[in-house]
Amino acid sequence: MRQLLLCVVLACCSPWAWGQAQGLGLVPAATAAATNATSAASAASSASLSAAQPLPAPEALGVTPPAAPAASPATSMAGSSLATPSAIPVLLPALAPITQLPPAIAQALQAAGLPPSSMSAWVQPLPDLRWPAGQPAPQSLVKPGRSTGSAAAKNTMRDASARPAALLSVQADKPMNPASVMKLVTTAVAMQSLGSDFQWHTSVWVDGAVRDGVLYGNLIVQGGGDPYLPTPRVQELIARIRAKGIRSIQGDLLVNQSRWQLPHFDPAAFDGKPARPYNAAPQALMINMQAVELHLQPQGKDAVLLADPPLLGVSMPAVAMSAAPCIQPELALALDVSQPDLIQARGSWPRSCGARSVFAWPYALADEFAARALAGVWLGSGGQLSGRAGVEARGRSAARFFLRFDSAPLQEVVAVTNTYSNNPMAKQIFLSLPVWGKLHGQLRRPVASWSASQRWMAAWWHQYLPGAAAPVLENGSGLSRRERITAASLGALLAQTAASPVAADFAATLPLAGREGTVASLAQRSSKNRALGQAR
């Protein structure tokens, strides 16, 4: 029999120590795998939602277990475009779970000089998500008085008697800093409250007449919170504008960021590395995740810098090349983005590295990054611009609507967010919840703020997971010194998501262990790990 296991591990340790522990395997036959690699928070966490492996013998955990209850019925939920979250009662298991760390993990922690108190874990079986299409839900999964089938999938809840007992619970009620695994909280709740097919909308406005392909006035692009506008998507937006009749702008190209109301942000506050893309602040119109990809092309004695997206008005002098070995070339480059109109290298580029790319967040240009990038892509497409690129004053202009540009569906956005552990994208999704999310008793807000999202998430948790300790959320990405959650609460959320109409859609957004995204490196650390290609 193949059984899905939910494995949650929160470990406050160095990435190296976590790699050692993970390589040994918390649940060797249960495929405990990291869903997101730890980042600069110097903490490591993992959560596996759908690890399809044979249910291990309890002895595989390295301890003698209590008697286990009967397996819960195999079920699955079909994905839907809009889902009402499933309210799952969070109950203590009928039988006490194992409360000791497996010897392999205890030994790995000891070897790394870390106390057992630095780690918490929660492991429990999950019902099979592969529910045959077209078949009605088991009666134990449907609220009284509701019919079964796809329409009723929006109102499902799991019967408490069907909840499997935990196999392992070690300090599962201790709040831990989960690092990037907190993205699972943000994205799971977003998919339930917004729906897998939800889309953000970027609006384009004009405040002048359009004649013979010329706009005599300003073109204004209003951000609608889209988390995923890489350069190719921006090129699509520009192509739409040109196809609708504007090829030249006799005025300014402006962006409107008023949908997000965020306080001043210090890009160096988290780890003193303000130019790192993971530190980028979100914006209502967020181009290329606020990052610029700098292509270094060797030409003679120097390497030429080419920006993607191109940034209007930003100079990038060529970089001297050196004979140094190609070891940590980004450090040798010593990129300086502290000036709004200049990106330069303080160091050199190893010739042996050849042509390659580095990424940076030009934080000194943060407020105008979207406008400069839009203008750069506009001019690169053959468009003309007589004025400047900048930010529109809030509340200004009686412009008229020109066109709407839709984002990729939420499921695709979440897949990128979770697979690559993208912090700015997770923050965008978190900010979107009180603006577009559906929640009983909560009015939708016209603008987003951190405090509004924090309150909205607390209300959602109270409604749908009242028996689980609520997490402490700051920005929903895990890139925070304040954020906390318990292993048991994260397990409760993932179990609740597995019982929701978006279960299959959400599972598909998680990277395959050892194969994709931030968990691809598991294959190098532990080539024989049974999680490879099986766990998400």
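Note on numbering: residues in each chain are counted from 1, in written sequence order. A pLDDT threshold of at least 70 governs which residues receive local features in this predicted model, and a stricter bar of 80 or more applies before side-chain atom pairs are shown or counted, although totals over entire chains, interfaces and linings include all residues. Computation of side-chain values covers all heavy atoms of the structure but excludes hydrogens and water.

Draft legend 1. Molecular detail of the confidence of the model for the protein. Confidence of the prediction at every residue is given by pLDDT, a number between 0 and 100. Confidence in the prediction for the protein averages 80 pLDDT; 75% of positions are at 70 or higher. Residue contacts follow a heavy-atom distance rule, with two residues in contact if any of their heavy atoms lie within 4.5 Å. Residue range residues 49-94 is modelled with pLDDT below 50. Its contacts to residues more than four positions away, or to other chains, number 153 contacts. Note that pLDDT drops below 50 for residues 130-162; the model gives that stretch 52 contacts with residues more than four away or on any other chain.

Draft legend 2. Region of interest: the packing of aromatic side chains. Any Phe, Tyr or Trp ring, taking Trp's six-membered ring, that has another such ring centre within 6.5 Å forms a pair; planes under 30 degrees apart are called stacked, those over 60 apart edge-to-face, and the others tilted. Tallying each qualifying case throughout the model produces eight aromatic pairs. A ring pair is formed by W205 and F401, whose centres lie 5.6 Å apart and whose planes are at 85°; its orientation type is edge-to-face. You can see W205 sitting in strand β5 (residues 201-206) and its partner F401 sitting in strand β20 (residues 400-406), a full 196 residues away along the chain. To sort residues, take the accessible area from a 1.4 Å probe on protein chains only and compare it with the maximum for the residue type: under 20% means buried, over 50% means exposed, and anything in between is partly exposed. The partly exposed category is assigned to W205, whose relative accessible area is 26%. Judged by its relative accessible area of 45%, F401 falls in the partly exposed class. Measuring from ring centre to ring centre gives 6.2 Å for W260 and W436, while their planes differ by 55°; the resulting arrangement is tilted. With a gap of 176 residues between them, W260 in the loop between β10 (253-256) and β11 (292-299) and W436 in helix α8 (residues 423-436) connect regions that are remote in the sequence. On the accessibility criterion, W260 (3% relative accessible area) is buried. Definition used: whenever NZ (Lys) or CZ (Arg) falls within 6 Å of the ring centre and also within 35 degrees of the ring normal, the charge is taken to sit over that ring. A cation over a ring is seen here: K244 above F402, with NZ or CZ 4.9 Å from the ring centre. The ring of F270 carries the charged tip of R481 above its face, separated from the ring centre by 4.1 Å. Every helix listed is a DSSP run of H or I at least four residues long, and every strand listed is a run of E at least two residues long, numbered separately from the N terminus.

Draft legend 3. Representation of the pattern of salt bridges. By salt bridge we mean one thing: a side-chain nitrogen of Lys or Arg within 4 Å of a carboxyl oxygen of Asp or Glu. Under the defined criterion, the tally for this structure stands at seven salt bridges. Note that D341 and R372 form a salt bridge whose closest N and O atoms lie 2.8 Å from each other. A residue pair is termed long-range when its members are at least 10 positions apart, and D341 in the loop between β14 (335-339) and β15 (342-345) and R372 in helix α6 (residues 369-380) qualify at 31 residues. Classification of D341 by relative accessible area gives partly exposed; the value is 39%.

Draft legend 4. Examining unusual backbone geometry more closely. Cis geometry is adopted by the peptide bond preceding P309, which originates at D308 and carries an omega value of 0°. Along the chain, P309 falls in the loop between β12 (302-308) and β13 (319-322). Even without glycine at this site, M289 takes up a positive phi of about 55°. Inspection of the secondary structure puts M289 in the loop between β10 and β11.

Draft legend 5. How the structure looks around the sheet that holds β11. Criterion used throughout: strands pair if DSSP finds at least two bridges between them. Read from one edge of the open sheet, five strands run β16-β13-β12-β11-β17, paired in mixed fashion. Every other strand in the sheet has two partners, leaving β16 (349-350) and β17 (356-360) as the edge strands with one partner each. Both β13 and β16 contribute to a ladder of two bridges, which runs parallel. Each residue of the ladder has a partner; that of S322, found in β16, is P350.

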